[in-house]
Amino acid sequence: SLEGSKPGAAAVATLLSHNVIGLNTKGYGMIMAQCMTGAKMFYSLLLTLTEDGDPFVCQPLRPVPRARVPDIPKIKTKIMKPFEEIELDKWALEFLREVG
């Protein structure tokens, strides 16, 4: 058009991204799973950020599952690793499922 708008561009871009990425577990599903896992790992990092004697407190808005409160040191050793190692650890996968 004269003013430069392209009314079909958004629809074509959406169709193209759906065809390239895929509307399945190996496409957008994998992207969403990676985002959720990253968020859970970041939450775990925040839980274990402080040490005894630090002049600050890191209090998560979402509470730690009640059964896991004494496991804060274990969270640090089991979750703060590459995801390939976490996948092999039943306890770590269970914890990540519980936190959200």
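These notes cover the structure that comes with them. Quick caveat, the model's predicted, so the values are computed rather than measured. (Residues numbered from 1 in each chain as written. Predicted model: local features only at pLDDT ≥ 70, side-chain atom pairs only at ≥ 80, totals over all residues. Heavy atoms only, no water.)

In this section: the nonpolar core. Within the largest apolar cluster, 11 residues are counted, these being Tyr43, Leu47, Val64, Ile75, Ile79, Ile86, Trp91, Ala92, Phe95, Leu96 and Val99. Those elements giving two or more residues to this core turn out to be α2 (28–47), α3 (72–79) and α5 (90–98). With 4 residues, α5 is the largest single contributor of residues to this core. (Core = buried A, V, L, I, M, F, W, Y, C linked by side-chain atoms within 4.5 Å. Buried < 20%, exposed > 50% of the residue type's maximum accessible area, 1.4 Å probe, protein only. Helix = DSSP H or I, 4+ residues; strand = E, 2+ residues; numbered from the N terminus.)

Applying the stated criterion to the full structure yields 2 salt bridges. A salt bridge links Lys76 to Glu51; the nearest nitrogen and oxygen atoms lie 2.3 Å apart. Here the residue Lys76 occupies a position in helix α3, and Glu51 occupies one in the loop between α2 and α3, the gap between them amounting to 25 residues. The closest approach of N and O atoms between Asp89 and Lys78, which form a salt bridge, is 3.2 Å. Of this pair, Asp89 sits in the loop between α4 (83–86) and α5 while Lys78 sits in helix α3, and the two are 11 residues apart along the sequence. Take Asp89: its relative accessible area is 12%, and that puts it in the buried class. Since its relative accessible area comes to 24%, Lys78 is described here as partly exposed. (Salt bridge = Lys/Arg side-chain N within 4 Å of Asp/Glu carboxyl O.)

Moving on, we get to the side chain of Ser44. Structurally, Ser44 can be placed in helix α2. Discounting residues that sit within four places of it in the chain, Ser44 has contacts with Ile75, Ile79, Met80, Phe95 and Leu96. (Contact = heavy atoms within 4.5 Å.)

This paragraph deals with the side chain of Lys40. Residue placement: Lys40 occurs in helix α2. This buried residue, Lys40, is left without a salt bridge; Glu98 holds the nearest opposite charge, at 11 Å. Discounting chain neighbours no more than four positions away, the residues touching Lys40 are Leu96, Arg97, Val99 and Gly100. (Lys, Arg positive; Asp, Glu negative; His and termini not counted.)

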